[in-house]
Amino acid sequence: MAARWPPLAGKTNTVGKASSQKQSRREMIERMQREQSRSDRRRTIIIVVCSIVVGLAIIAYPAIKLVQDSRTKNQALTDFGVAASAASCDPATNDAAGGTQDHRPDGEKILYSVSPPSSGPHYAVWAPFDKKFYSTSDRPPVENLVHNLEHGYTILWYRDTLPKNQIDEIEKLSKSKLPDSASGKFIAAPYKQSEGKGWPDGKNLAFAHWSGPGADQKSFGHRQFCGSVSGDALKQFLEKYPATDAQEPNGG
């Protein structure tokens, strides 16, 4: 009978060890792949959720704004700001008016005699008649807005440095129910200190209107400075200086 050789223990152990190491590496790779897959799924879910939230916000903001504007439209002017007696308003001025039909080229900087302007030379094109509120980002040149004054508009000029909550209140006020005397001709717009002479201390907004010639054939620009937002004070100004009292009231 042929002799049987004993098993090669060292070689068997080496093979088994190598096989075990391969299995461990395979398991580690598979574990890493599973973890990466879970991480990718989480990231995808987060991206999808964020995209949905952003998309809903983009859709919802105009809708919310529309609802707010609709509600504001039905509110009385006097619902906004403080009472006229608490607004620290100065008496309205009677500025010597001039500049009717004095149309200057677009881009020419006009230096007005009063600040903010209540009359004077202006550009040939007026600001859109249907827009009631401007921020610092979309306001047209002062010279365009002065043309609106010629057609019976009242402008509420406000300091561009006012806090956002007060500017928001002015925006709501501009879109509220105006008195019949305004005929819808109203604009609220920011005014930079660098655009004209300094305003009286403590005054943050000014109403402006350009009246037509009276019986004596004289016309005036009117400004009323106030320290605080007041729909009540604005209403009184609009009734004192109606849209029909203008250089060209039928324009616009």
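The rules behind these values
Residues numbered from 1 in each chain as written. Predicted model: local features only at pLDDT ≥ 70, side-chain atom pairs only at ≥ 80, totals over all residues. Heavy atoms only, no water. Helix = DSSP H or I, 4+ residues; strand = E, 2+ residues; numbered from the N terminus. Buried < 20%, exposed > 50% of the residue type's maximum accessible area, 1.4 Å probe, protein only. Contact = heavy atoms within 4.5 Å. Areas by Shrake-Rupley, 256 points an atom, 1.4 Å probe, with all protein chains shown as cover. Pairing = 2+ DSSP bridges. Axes fitted to C-alpha atoms, helices over the stretch in contact; angles between N-to-C directions. Salt bridge = Lys/Arg side-chain N within 4 Å of Asp/Glu carboxyl O. Disulfide = S-S within 2.5 Å.

> I keep staring at the overall build of the protein chain and nothing clicks. Help me out?
If you tally the helices and strands in the protein chain, you get four helices and seven strands. Going from N to C terminus, the protein chain has its helices and strands arranged as α-β-β-β-α-β-α-β-β-β-α. Burial statistics for the protein chain: of 252 residues in total, 36% are counted as buried. Across the protein chain, contacts joining residues at least 24 apart in sequence account for 73% of those joining residues at least 6 apart. Counting only carbon and sulfur atoms, one obtains 56% of the accessible surface of the protein chain, whose full area is about 14900 Å².

> Whenever I open this one, the side chain of His147 confuses me. Can you help?
Turning to its location among the elements, His147 is positioned in helix α2 (residues 142-150). Among all residues touching His147, those that are not within four sequence positions of it are His103, His122, Tyr123, Ala124, Val125 and Trp126.

> Looking at this model, I keep getting lost on the sheet that holds strand β6 (residues 205-210). Mind explaining?
Within a sheet, each strand pairs with its neighbour through backbone hydrogen bonds, oriented either parallel or antiparallel. Spatial ordering of the open sheet is given by β1-β7-β6-β4-β5, a layout of five strands whose pairing is mixed. Single-partner strands in this sheet number two, and they are β1 (95-96) and β5 (186-191). Along the sheet, α2 contacts β4 (154-159), β5 and β6; its crossing angle with β6, the most-contacted strand, is approximately 55°. Its contacts with the sheet place helix α4 (residues 231-240) against β4, β5, β6 and β7 (220-226), and it is angled at close to 10° to β6.

> What is the right way to read α2 from this model?
Since the α-helix advances by 3.6 residues per turn, residues separated by three or four positions end up pointing in the same direction. Within α2, nine of the nine residues are buried, which leaves the element mostly enclosed by the surrounding structure. Along α2, the residues classified as buried are Val142, Glu143, Asn144, Leu145, Val146, His147, Asn148, Leu149 and Glu150. Each element contacted by the buried residues of α2 is listed here: β2 (103-104), β3 (122-123), β4, β5 and β6. Gly152 lies just past α2 and shows a positive phi near 100°.

> What is the right way to read the pattern of salt bridges from this model?
Using the criterion set out here, one finds eleven salt bridges in the structure. A salt bridge links Asp40 to Arg43; the shortest N-O distance between them is 2.5 Å. Here the residue Asp40 and the residue Arg43 both occupy positions in helix α1 (residues 9-73), the gap between them amounting to three residues, near one helical turn. Look at Asp40 and you get partly exposed, because its relative accessible area is 29%. Residue class for Arg43 comes out partly exposed when judged on its relative accessible area of 43%. In this structure, the salt-bridge partner of Lys131 is Asp138, at a minimum N-O distance of 3.4 Å. Connected through salt bridges with shared partners, the residues Asp102, Arg104 and Glu108 form a single ionic network.

> When you look at unusual backbone geometry in this model, what are you seeing that I'm missing?
Negative phi characterises most residues that are not glycine, and trans characterises most peptide bonds. Residue Pro116 is bonded to the preceding Ser115 through a cis peptide linkage, with omega at -5°. Tracing the sequence through the fold places Pro116 in the loop between β2 and β3. Residues other than glycine seldom take positive phi values, yet Gln101 does so here, at roughly 65°. The residue Gln101 is located in the loop between β1 and β2 in this model. Accessibility expressed as a relative area gives 47% for Gln101, which makes it partly exposed. In this structure, Gln217 is a non-glycine residue whose phi angle is positive, near 65°. For Gln217, the location among the structural elements is in the loop between β6 and β7. A relative accessible area of 62% means that Gln217 is categorised as exposed.

> I keep staring at the state of the cysteines and nothing clicks. Help me out?
Here a disulfide denotes one covalent bond, and it connects the sulfur atoms of two cysteines. Using the criterion set out here, one finds one disulfide in the structure. For Cys89, the disulfide goes to Cys226, at an S-S distance of 2.0 Å. Measuring handedness by torsion sign, the sulfur bridge of Cys89 and Cys226 sits at about 110° and is right-handed. You can see Cys89 sitting in the loop between α1 and β1 and its partner Cys226 sitting in strand β7, a full 137 residues away along the chain.

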